[in-house]
Amino acid sequence: MSTGFIRKLTIVGGGTAGWMTAAALSKLFGTQLHIRLIESEEIGTVGVGEATIPQIRLFNATLGLDENEFIRETQGSFKLGIEFNGWLREGQAYMHAFGAIGGRDLGLVPFYHYWIKQHRAGRAGPLGDYVFNSVAAYQNRFLRSASIPNSPLSNVQHAFHFDAGLYARYLRRHAEANGVQRTEGKVVDVGLDPESGYIRHVQLDSGEQVEGELFIDCSGFRGLLIEQTLKTGYHDWRQYLPCDRAMAVPCASVAPLTPYTRATARTAGWQWRIPLQHRIGNGLVYCSEFISDDEAAALLLANLDGKALAEPRPLRFVTGMRKQFWNRNCIAIGLASGFMEPLESTSIHFIQSSIGKLVAFFPQHGFSQTEIDEYNRQVQFEFIRSRDFLVLHYLANQREEPFWQRCRTMQIPETLQQKIELFRCSGRVFKEHEELFTEPSWVQVMIGQGIIPERHHPMVETLGEEETRRMVDGVGALLQRAAQVMPEHAEYIAKTCASAVG
Ligand SMILES: Cc1cc2nc3c(=O)[nH]c(=O)nc-3n(C[C@H](O)[C@H](O)[C@H](O)COP(=O)(O)OP(=O)(O)OC[C@H]3O[C@@H](n4cnc5c(N)ncnc54)[C@H](O)[C@@H]3O)c2cc1C
């Protein structure tokens with residue numbers, strides 16, 4: 001193949017992945033790239049995916065989107081974290097909140113080490129009392145970061161809940177305005193170069209052949225190009241994350257409008273609750289070995305906060321990732337690249353992250369296998385370490401049901417085992433390389449799941465008993481006071497970014 005710039009990019013699929021990719025690349029490359037996106041209304045999209053993590057703000061900012069407009073357009077709400085309800089045992093709950101734990105770290109020792117000492121001595125409340133987003137979330141309050149020096153209000157990390165279908169439609173407007181050409185149609189065949197095995201064109205049901213130099217497979221679970229055509233292969237992770245089905249149903253909104261996602265453990269899986277402006281998104285993720293589809297639907301419908309607005313919709317999935325995300329001249333993004341249950345709202349982030357890496361590794365003709373390998377290595381690393389983080393939620397449970405007993409005794413990845421052991425014996429945890437989840441995330445989930453370190457950092461002892469008590473109590477009180485300044489989440493939305501039909 002010759003060298004030179006790639007000019008023709010073809011995206012197959014117009015779900016969240018397809019339109020995020022089209023919007024980002026058209027914005028960044030301008031007229032240098034001719035982008036065609038093919039989607040089929042008849043096939044439709046997966047139709048779920050409503051909770052995100054704070055990194056999405058960076059993606060939206062790159063596109064130049066106005067945050068209030070984006071929220072209005074997508075019936076969005078703000079998200080400060082995820083509450084895990086019943087994951088350790090029935091009746092227990094904790095929050096994995098975005099942002100820092102405590103106040104400023106003292107010297108090199110993170111605040112949570114002081115908390116560990118106080119907690120073990122029975123002199124501190126739950127860790128969430130010392131995490132600002134958690135304190136604010138439980139008061140149903142929200143305010144964007146404000147420039148108030150030395151205040152927790154100056155660093156509020158937020159993400160969103162939104163209607164992913166509306167988000168895709170919103171991005172489509174931006175992408176089309178940037179010159180992306182959308183084609184309605186079904187891909188019925190794929191033409192390969194007989195020598196290289198590279199994709200030359202996709203054939204539509206209209207008979208048209210759409211050529212491309214680079215193909216982005218955003219066709220969802222089916223992986224039309226990456227799997228059905230290129231037979232890339234899949235790493236199946238059900239031995240670590242045994243849930244394989246979901247049932248999704250929206251219900252009517254109820255007050256208050258909570259600024260957090262809720263994940264509630266159930267008999268053989270867990271239920272999500274995602275509050276949007278106009279409805280609540282709900283779903284049950286479950287393991288089909290332990291509960292039937294009918295039982296799952298009944299369980300979900302029996303646990304809604306408002307009136308169901310539709311029939312429960314079943315979805316099936318195999319947790320895992322493609323053996324290669326980039327194979328020849330095809331890159332899989334979104335569900336076509338792999339899937340992990342939405343326990344930590346990672347899928348839309350993986351789309352964003354893959355787009356970022358695609359830009360970093362954007363190829364020229366003559367595709368370099370070294371670059372392709374490095375791209376695959378980096379995406380794989382992020383998938384694998386995020387998988388470990390999800391497994392942690394299941395592993396450390398004290399629930400009685402057979403499904404949960406199985407999770408407790410599962411063989412777990414060695415990397416995760418090491419992380420847990422290090423934390424258990426010393427309270428230490430470190431973010432490695434490009435891992436998505438940082439120390440505060442690991443600490444909150446480990447402690448929430450009952451993994452309490454046996455020791456705190458020795459430097460904690462340089463502060464006297466009384467001083468430690470005053471410092472830890474002082475942080476808790478400061479966070480409470482700062483949260484009181486924030487308006488109610490619903491009031492903040494009403495003032496800044498309410499959708500036309502609320
Ligand atoms: C139960 C569940 C809950 C989830 N919750 C969350 C969440 O809370 N947060 C989060 O970040 N993510 C979540 N996700 C993941 C999220 O939904 C997806 O990552 C996101 O919607 C991207 O989907 P997609 O665009 O890859 O695929 P899809 O939405 O399936 O889109 C596929 C596209 O390909 C097109 N297509 C397919 N075949 C053809 C063909 N032959 N010809 C032409 N076009 C074709 C379709 O028409 C469609 O446009 C969840 C997923 C599931 C299953």
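Just so we're clear, the structure is a prediction, and the values are computed from it rather than from any experiment.

## A closer look at the overall build of the protein chain
Helix and strand content of the protein chain: 15 helices and 21 strands. Rg of the C-alpha trace for the protein chain: 23 Å, near the compact-globule value of 23 Å for 502 residues, within the 12% margin. Once the C-alpha set of the protein chain is aligned to its principal axes, its extents read approximately 75 × 50 × 50 Å. Here the protein chain, with 502 residues, has 58% of them falling under the buried criterion. Summarising the internal contacts of the protein chain: among those between residues at least 6 apart in sequence, 77% fall at separations of at least 24. Counting 50 positive and 55 negative side-chain charges, the protein chain places the centres of these two groups 3 Å from one another.

## Let's talk about the UniProt feature "active site" (unreviewed entry) in the protein chain
In the numbering used here, UniProt assigns the feature "active site" (unreviewed entry) to Lys79. Note that Lys79 resides in strand E3 (residues 77-79). Given a relative accessible area of 0%, Lys79 falls into the buried group.

## Let's talk about the packing of helix H2 (residues 56-63) against helix H9 (residues 347-360)
In contact at an axis separation of 10 Å, H2 and H9 are set at 50° when each is read in the N-to-C sense. Classed by the angle they form, the pair H2 and H9 counts as oblique. Handedness of the H2/H9 crossing: left-handed. Packed against H2, whose contacting residues are Ile56, Leu58 and Phe59, the element H9 presents Ile348, Gln352 and Ile355 at the interface.

## Here's the deal with the environment of Arg7
Locating Arg7 in the fold gives a position in the segment before strand E1 (8-12). Residue classification places Arg7 among the partly exposed positions, given a relative accessible area of 42%. For the pair formed by Arg7 and Gly212, sequence separation is 205 residues and the distance between their alpha carbons is 8.5 Å. Setting aside anything within four residues of it in sequence, one finds Arg7 in contact with Gln32, Leu33, His34 and Glu213.

## With respect to helix H14 (residues 465-484)
Between its first and last C-alpha, H14 extends 29 Å over 20 residues, near the 28 Å set by a 1.5 Å rise per residue. All of the buried residues along H14 are Thr468, Met471, Val472, Val475, Gly476, Leu479, Ala482 and Ala483. Along the axis of H14, the buried residues cluster in a sector spanning 135°; they form a single face. Every exposed residue of H14 that faces more than 90 degrees away from the buried side is listed here: Arg470 and Arg481. On the buried face of H14, the contacting elements are helix H4 (111-120) and helix H5 (132-138).

## Here's the deal with the sheet that holds strand E18 (residues 320-322)
One open sheet accounts for three strands, arranged E12-E18-E21; its pairing is antiparallel. Each edge of the open sheet is held by one strand with a lone partner, namely strand E12 (234-236) and strand E21 (338-339). Its contacts with the sheet put helix H10 (residues 369-395) on E18 and E21, and the angle it makes with E18 is roughly 175°.

## Examining the packing of aromatic side chains
By convention here, two paired aromatic rings are described through the distance between centres and the angle between planes. Counting across every chain of the model gives 32 aromatic pairs. When the centroid spacing of 6.1 Å and the interplanar angle of 85° are considered together, the rings of Tyr394 and Phe403 count as edge-to-face. With respect to class, Tyr394 is no different from Phe403; both count as buried. Three or more aromatic residues joined by ring pairs form one cluster here, namely Phe84, Trp87, Tyr94, Trp270, Trp272, Phe290, Tyr394, Phe403 and Trp404. Stacked on the ring of Trp237, the Lys or Arg Arg387 has its end atom at 4.7 Å from the ring centre. Across the ring face of Trp442, the terminal group of Lys419 is positioned such that the distance to the ring centre comes to 4.4 Å.

## Here we look at the site of the ligand
Neighbouring the ligand are 36 residues; Val48, Ala51, Val187, Leu335 and Ile348 lie closest to it. Ser40 is positioned with one of its backbone polar atoms (N or O) 3.0 Å from an oxygen atom of the ligand. Within the complex, 98% of the 1,000 Å² of free accessible area of the ligand lies under protein. Elements with a minimum of two residues in the shell around the ligand: helix H1 (16-29), strand E15 (269-275) and H9. The element that contributes the greatest number of residues to the shell around the ligand is H9, accounting for three residues. Across the shell around the ligand, the residue classes break down as 18 nonpolar, 14 polar and four charged.

## Focus: the domain arrangement of the protein chain
Segmentation of the protein chain into domains returns domain 1 (8-76 + 162-237 + 319-384) and domain 2 (245-316). Between domain 1 and domain 2, the C-alpha centre-to-centre distance is 27 Å. At the junction of the two partners, domain 1 supplies 14 residues and domain 2 supplies 15 residues. Across the interface of domain 1 and domain 2, roughly 1,200 Å² is buried in total on both sides, 58% from carbon and sulfur atoms. Linking domain 1 to domain 2 there are two salt bridges. Of the charged contacts in the structure, one is a salt bridge between Glu50 and Arg279, with a shortest N-O distance of 2.9 Å. Applying the counting rule to domain 1 against domain 2 returns six residue pairs in polar contact (both at pLDDT 80 or more). For the side of domain 1 that touches domain 2, the class distribution of residues is eight nonpolar, three polar and three charged.

## Quick look at the side chain of Thr183
When you line up the elements, Thr183 lands in strand E7 (residues 181-184). By relative accessible area, which is 10% here, Thr183 ends up buried. Non-local contacts of Thr183, meaning those with residues more than four positions away in its chain, are made with Arg36, Leu37, Ile38, Glu39, Leu204 and Glu208.

Thresholds, definitions, all that
Residues numbered from 1 in each chain as written. Predicted model: local features only at pLDDT ≥ 70, side-chain atom pairs only at ≥ 80, totals over all residues. Heavy atoms only, no water. Helix = DSSP H or I, 4+ residues; strand = E, 2+ residues; numbered from the N terminus. Rg over C-alpha atoms; globule rule 2.2 N^0.38 Å. Buried < 20%, exposed > 50% of the residue type's maximum accessible area, 1.4 Å probe, protein only. Contact = heavy atoms within 4.5 Å. Lys, Arg positive; Asp, Glu negative; His and termini not counted. Charge placed at Lys NZ, Arg CZ, Asp CG, Glu CD. UniProt positions renumbered as here; feature names shortened; annotations may be inferred. Axes fitted to C-alpha atoms, helices over the stretch in contact; angles between N-to-C directions. Parallel < 35°, antiparallel > 145°, perpendicular 65-115°, else oblique. Left-handed = near helix turned anticlockwise from the far one by under 90°. Expected span 1.5 Å × (residues − 1). Arc of directions from axis to C-beta. Pairing = 2+ DSSP bridges. Phe/Tyr/Trp six-rings, centres within 6.5 Å; stacked < 30°, edge-to-face > 60°. Lys NZ or Arg CZ within 6 Å of the ring centre and 35° of its normal. Near = heavy atom within 4 Å. Polar contact = N/O pair within 3.5 Å; in protein donor to acceptor, adjacent residues only side chain to side chain. Areas by Shrake-Rupley, 256 points an atom, 1.4 Å probe, with all protein chains shown as cover. Nonpolar A, V, L, I, M, F, W, Y, C, P; charged D, E, K, R; others polar. Domains from an automatic or database assignment. Buried area = accessible area lost by both parts, 1.4 Å probe. Salt bridge = Lys/Arg side-chain N within 4 Å of Asp/Glu carboxyl O.

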